Amino acid sequence: IVTIVQAFGTQKMAKENAIIKDLKAVESLGCVSVICSDKTGTLTQNKMTVQQIYMNHKVYEPREFNISDQTQRYLLYDAVLNNDSSIVDGKGIGDPTEYALLEMLRNIYVDAGTFFDETEIHEDVLRRNMERLEEVPFDSDRKLMSSKYLLHGVPTILTKGAVDVLLDRCTHVRSCNVIHPMTEQEKDKIRRQNEIFSQNGLRVLAFAYKESDEVLSPDTEYGFIFLGMVSMVDPPRPESMEAVASAKRAGIRPVMITGDHKITAVAIARQIGIYEEGDLALTGAELDALTDKELDDKVSRISVYARVSPENKIRIVEAWQRKGNIVSMTGDGVNDILAMKDADCSVAMASGSEAAAQAAQVVLLDSDFARMPDVVLEGRRVVNNIERSANLFLVKNIFSVLLAVFSLVFTITYPLEPAQISLISMFTIGTPGFLLALEPNKNI
């Protein structure tokens, strides 16, 4: 009966575009009380678009970019060359943040056609003419990516990454083609502008470079010249707000986990409805500073985690589990896999990485977070129906035990023949138990 109930639940979830890879996950979903969800690609559309650019102490629209200005051209080099994505037949391939930078370049050359031939600044032409000499790929701990090129015959290291990380590695700033020492006042201006971008829910990348022929490694990612910042928008999925509201009505606590800046994360979470007045938001560094006991005391009030590492995600899941909750981890990237394996139920978006889909117990084919409340409620129906069937079997077993005890006490022959016992099990237990597998949820 349990297998039949689970099978019916799996079949119904498949109609909701949720593929169950592990039959036990159907029951786990029904018991979920906390959903920890990655932001990018899960709660948001993962369609990045460049909004504004900060450099030379000014904020530019992409169409205002002047590629004849050497400082601005260096930022374009950094954005396009220090980049592993591409655009083929109008479709971005690779990280959405990176191919948004390529789209920015293409929009710029459309507006700047009077200055430069389109083919001169196309990313493929730049990459063919400027060979990458060395690279240090991006990772979630460093929050940086660096590569080395020969720019105008000079070995040059180009770097992009999180503003708060890269800014502390810059010793100079380039403004209006003049290089100045990086002062605390200059850093404060950059941080204020970053905060303005972040408060508007924008993701911000900083760009820097240095002319050096040293061997490129994480140990040499210092002494940069700051170029500027690019802000991008990743709009929330239209259905995310209703999905979060549905989850809360069903008694499920949604929690956002992201690698974005804390202010950006809170702005998006507030739009979606995850972050409310009185809630807390923590960064990965602040989380690392807490002991397990301190985290356990605060975890029920924390709705947003920003700038987190894969290890941070595991701590978050385990903290909720220590509070007695059944936790679902929802994500689409490689950096979500460790937490997904640690969670009671793991859910992946089909549009995400193959590795995440392989590690997950449930895969949402349409990558629609709005499916989550319906999938959880279907899991609750499965659990409820298993309980109903168990209660039915319990009544039958109690009756059988009492009958056996009565026969022993009064030393009489057991009143039922084996055939009669089989018929009772079939018609009064088996058939009703099968029908209970189809019962809808009446009180969720």
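Here goes a summary of the coordinates provided. All of these numbers come straight from a predicted model, not from anything done at the bench.

Once that is clear, we can look at the pattern of salt bridges. In this structure the tally under the stated criterion is 24 salt bridges. For the salt bridge of Asp-188 with Arg-191, the shortest nitrogen-to-oxygen distance reads 3.5 Å. In this pair, Asp-188 and Arg-191 are both assigned in helix H7 (residues 184-199), three residues apart and thus about one turn of the helix distant. Overall, Arg-191 belongs to the partly exposed group, its relative accessible area being 34%. Lys-293 is the partner of Asp-297 in a salt bridge, and the nearest nitrogen-oxygen pair spans 3.5 Å. One end of the pair, Asp-297, and the other, Lys-293, are both in helix H11 (residues 292-298), four residues apart, so they sit about a helical turn from each other. Salt bridges sharing partners connect three or more residues here, namely Asp-292, Asp-296, Arg-315 and Arg-322.

Our focus in this paragraph is the packing of aromatic side chains. Counted under the stated rule, the structure contains three aromatic pairs. Summarising the aromatic geometry, the rings of Tyr-74 and Tyr-77 are spaced 5.9 Å apart at their centres and angled 65° between planes, so their arrangement reads as edge-to-face. With Tyr-74 and Tyr-77 both in helix H3 (residues 70-81), this residue pair falls three residues apart, about one helical turn. Residue Tyr-74 shares its accessibility class with Tyr-77, and that shared class is buried. A centroid spacing of 5.0 Å and a plane angle of 50° characterise the contact between Tyr-74 and Tyr-209, whose relative ring orientation is tilted. In this pair, Tyr-74 is assigned in helix H3 and Tyr-209 in strand S12 (residues 202-211), connecting sequence segments 135 residues apart.

Another aspect to go through is helix H1 (residues 2-15). Compared with the 20 Å implied by 1.5 Å per residue over 14 residues, the 20 Å span of H1 between its first and last C-alpha is a close match. Residues of H1 that are buried include every one of Val-5, Gln-6, Gly-9, Thr-10 and Met-13, and no others. Here the buried residues of H1 occupy an arc of 135° about the axis, which is enough to place them on one side. Exposed and facing more than 90 degrees away from the buried side of H1 are Thr-3 and Lys-15. Buried-residue contacts for H1 involve strand S1 (18-20), helix H2 (24-30) and helix H15 (371-409). Positioned one or two residues after H1, Asn-17 has a phi angle of 65°, which is positive.

It is worth spelling out the sheet that holds strand S16 (residues 302-306) at this point. Strand order in this open sheet of eight strands is S1-S19-S18-S17-S2-S14-S16-S15, and the pairing throughout is mixed. Edge positions in the sheet fall to S1 and strand S15 (280-283), since each of these pairs with one other strand and no more. With direction set aside, neighbouring strand axes in the sheet form an average angle of 20°. Across four bridges, strand S17 (residues 327-331) lies against strand S18 (residues 345-349) in parallel orientation. Note that in S18 the partner of Met-329 across the bridge is Ser-346. In this fold helix H9 (residues 262-272) packs onto strand S14 (253-257), S15 and S16, with an angle of close to 140° to the strand it touches most, S16. Relative to the sheet, H15 contacts S1, strand S2 (34-38), S17, S18 and strand S19 (362-364), its axis offset from that of S19 by approximately 145°.

To continue, consider the pairing of strand S10 (residues 170-175). Relative to strand S13 (residues 224-233), S10 runs parallel, the two sharing three bridges. Bridge pairing in S13 places Cys-170 opposite Phe-224. Note: S10 against strand S11 (residues 178-181), four bridges, orientation antiparallel. Following the sheet pairing, Ser-175 is matched in S11 by Val-178. In textbook terms, the turn of a hairpin is the stretch between consecutive antiparallel strands, and for S10 and S11 this stretch comprises two residues, one of which, Cys-176, has a positive phi near 55°.

Moving on, we get to the packing of H1 against H15. Packing of H1 against H15 brings their axes to within 9 Å, and their N-to-C directions diverge by 165°. Put simply, H1 runs roughly antiparallel to H15. Crossing of H1 against H15: the hand is right-handed. Only Val-375, Glu-378, Gly-379, Arg-381, Val-382, Asn-385 and Ile-386 of H15 make contact with H1, whose side of the interface consists of Val-2, Val-5, Gln-6, Phe-8, Gly-9, Lys-12 and Met-13. Across the contact of H1 with H15, the residue classes break down as seven nonpolar, four polar and three charged.

Once that is clear, we can look at the side chain of Asn-82. If you trace the backbone, Asn-82 turns up in the loop between H3 and strand S5 (86-88). A distance of 3.0 Å separates a polar atom in the side chain of Asn-82 from the backbone oxygen of Met-145. One polar contact links Asn-82 to Ser-147, side chain to side chain, over a distance of 2.9 Å. Residues contacting Asn-82, with those up to four places away along its chain left out, are Tyr-77, Glu-98, Arg-132, Met-145, Ser-146, Ser-147, Tyr-149, Leu-158, Thr-159 and Lys-160.

With 39 residues, H15 should reach 57 Å at 1.5 Å per residue; the first-to-last C-alpha distance of 57 Å fits that figure. Looking one or two residues past H15, Thr-411 carries a phi angle of roughly 45°, positive in sign.

A word on the nonpolar core. In terms of nonpolar packing, the biggest core is built from 38 residues, with Leu-29, Met-256, Val-304, Val-362 and Phe-369 touching the most fellow members. With residues up to four places along the chain from it excluded, the contact list for Val-304 reads Met-256, Ala-265, Val-266, Ala-269, Tyr-275, Leu-280, Ala-281 and Leu-282. In this structure, Leu-76, Ile-87, Leu-102 and Tyr-149 belong to the second largest nonpolar core, which totals 34 residues.

About the criteria used
- Residues numbered from 1 in each chain as written.
- Predicted model: local features only at pLDDT ≥ 70, side-chain atom pairs only at ≥ 80, totals over all residues.
- Heavy atoms only, no water.
- Salt bridge = Lys/Arg side-chain N within 4 Å of Asp/Glu carboxyl O.
- Helix = DSSP H or I, 4+ residues; strand = E, 2+ residues; numbered from the N terminus.
- Buried < 20%, exposed > 50% of the residue type's maximum accessible area, 1.4 Å probe, protein only.
- Phe/Tyr/Trp six-rings, centres within 6.5 Å; stacked < 30°, edge-to-face > 60°.
- Expected span 1.5 Å × (residues − 1).
- Arc of directions from axis to C-beta.
- Contact = heavy atoms within 4.5 Å.
- Pairing = 2+ DSSP bridges.
- Axes fitted to C-alpha atoms, helices over the stretch in contact; angles between N-to-C directions.
- Parallel < 35°, antiparallel > 145°, perpendicular 65-115°, else oblique.
- Left-handed = near helix turned anticlockwise from the far one by under 90°.
- Nonpolar A, V, L, I, M, F, W, Y, C, P; charged D, E, K, R; others polar.
- Polar contact = N/O pair within 3.5 Å; in protein donor to acceptor, adjacent residues only side chain to side chain.
- Core = buried A, V, L, I, M, F, W, Y, C linked by side-chain atoms within 4.5 Å.

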